[in-house]
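Residue-level structure breakdown
Listed below, chain by chain, are the residues.
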Amino acid sequence: MMKWHSELFFQLPCKTKLGIYRSQANLTQFPFQDHFGALQLAVCVNQETLRIGVIKAEGLVPVDMSGTLEPYCRILVHVGSELIHKKKTCIAEAINRSPVWEEYFTLDLPPKTLLCDLSITIEIRDHLRSSRSTSYLLMGRVTLSNSCPGHGQTQWEHVCSKRGSTVTEWQPVTA
């Protein structure tokens, strides 16, 4: 896992910075009330690498009976049906159901990867600790790809059209 230094990450083109400033706005203005919360992602792709930033979530819905959250994200990157990368964030403290990860991953892409074949799925999981084992409950997921309708497809189209620039947007968390 590679964590970008925040100063380096924010030395980006003005258009990208504008997107980041917009993303810091109050989430209640964003129409995701019918979902299980929202996840803020930063994505950048070029010919050889994919950079994914799992920044934070807001309004996550607890899935266990205690109502507590110990969320983390699992990132799955596919080319077609083949899984090429699997990564995990740390477990975040979820104050007011709004965890902050600010974790960034740089992943190598196979040679001659077509962006239309690439898909990214981020699963938000609640880490459960018991005396016998460590397990998780799936809270929801976000998928970015050319073939998934909705917000995930829109962000993916922005990423593909602005190749080499970081696109930061909120995504609804779905079941």
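Before reading on, note that the structure itself is shown above.
Reading the values: the criteria
Residues numbered from 1 in each chain as written. Predicted model: local features only at pLDDT ≥ 70, side-chain atom pairs only at ≥ 80, totals over all residues. Heavy atoms only, no water. Helix = DSSP H or I, 4+ residues; strand = E, 2+ residues; numbered from the N terminus. Polar contact = N/O pair within 3.5 Å; in protein donor to acceptor, adjacent residues only side chain to side chain. Contact = heavy atoms within 4.5 Å. Phe/Tyr/Trp six-rings, centres within 6.5 Å; stacked < 30°, edge-to-face > 60°. Lys NZ or Arg CZ within 6 Å of the ring centre and 35° of its normal. Pairing = 2+ DSSP bridges. Axes fitted to C-alpha atoms, helices over the stretch in contact; angles between N-to-C directions. Salt bridge = Lys/Arg side-chain N within 4 Å of Asp/Glu carboxyl O. Buried < 20%, exposed > 50% of the residue type's maximum accessible area, 1.4 Å probe, protein only.

With respect to the helices and strands, the residue His-85 is situated in strand β4 (residues 82-88). Within the structure, His-85 has its side chain in polar contact with the backbone oxygen of Asp-108 (distance 2.6 Å). Setting aside chain neighbours within four positions, we find His-85 in contact with Ile-75, Leu-76, Val-77, Leu-107 and Asp-108.

So, about the packing of aromatic side chains. Summed over the entire model, instances satisfying the criterion amount to zero aromatic pairs. Positioned above the aromatic ring of Tyr-136, the side-chain terminus of Arg-125 is 3.7 Å from the ring centre.

Further remarks concern the sheet that holds strand β2 (residues 49-58). Strands sit in the order β5-β2-β1-β8 across an open sheet of four strands; the sheet is antiparallel. Each of the sheet's edge strands pairs with one partner strand only, and the pair in question is β5 (100-108) and β8 (167-172). Strand-to-strand twist across the sheet, computed as the mean angle between neighbouring axes with direction ignored, equals 20 degrees. Lying over the sheet, helix α3 (residues 151-161) contacts β1 (38-45) and β8, oriented at roughly 170 degrees with respect to β8.

Turning next to the environment of Pro-110. Residue placement: Pro-110 occurs in the loop between β5 and β6 (118-129). Note: C-alpha distance between Pro-110 and Ile-84 (26 residues apart in sequence) is 8.5 Å.

Turning our eyes to something else, we now look at the side chain of Gln-171. Note that Gln-171 resides in strand β8. Separated by 3.5 Å, the side chain of Gln-171 and the backbone oxygen of His-151 make a polar contact.

This part takes up the pattern of salt bridges. Where side chains of opposite charge bring their charged atoms close, a pairing between them can arise. According to the stated counting rule, one finds three salt bridges in the structure shown. The partner of Arg-125 in a salt bridge is Glu-123, and the shortest N-O contact between them spans 2.8 Å. Overall, Glu-123 belongs to the buried group, its relative accessible area being 9%. One salt bridge connects Arg-141 with Glu-123, and the closest N-O pair in it is separated by 3.7 Å. With Arg-141 in strand β7 (residues 134-145) and Glu-123 in strand β6, the pair connects residues that are 18 residues apart, well separated along the chain. One network of salt bridges, with partners in common, ties together Arg-74, Glu-123, Arg-125 and Arg-141.

What follows covers unusual backbone geometry. Most peptide bonds are trans, and most residues other than glycine sit at a negative phi. For Arg-97, which is not a glycine, the phi torsion comes out positive at approximately 60 degrees. Among the structural elements, Arg-97 can be located in the loop between β4 and β5. For Lys-112, which is not glycine, the phi torsion reads 60 degrees and is therefore positive. Considering the arrangement of structural elements, one finds Lys-112 in the loop between β5 and β6. Overall, the relative accessible area of 78% leaves Lys-112 in the exposed class.

With that settled, the discussion passes to the pairing of β8. Along a regular strand, successive side chains alternate from one face of the sheet to the other. Most of β8 sits out of view: five of its six residues are buried. When β1 meets β8, the two strands line up antiparallel, connected through six bridges. The partner of Ala-38 across the bridge, within β8, is Pro-172.

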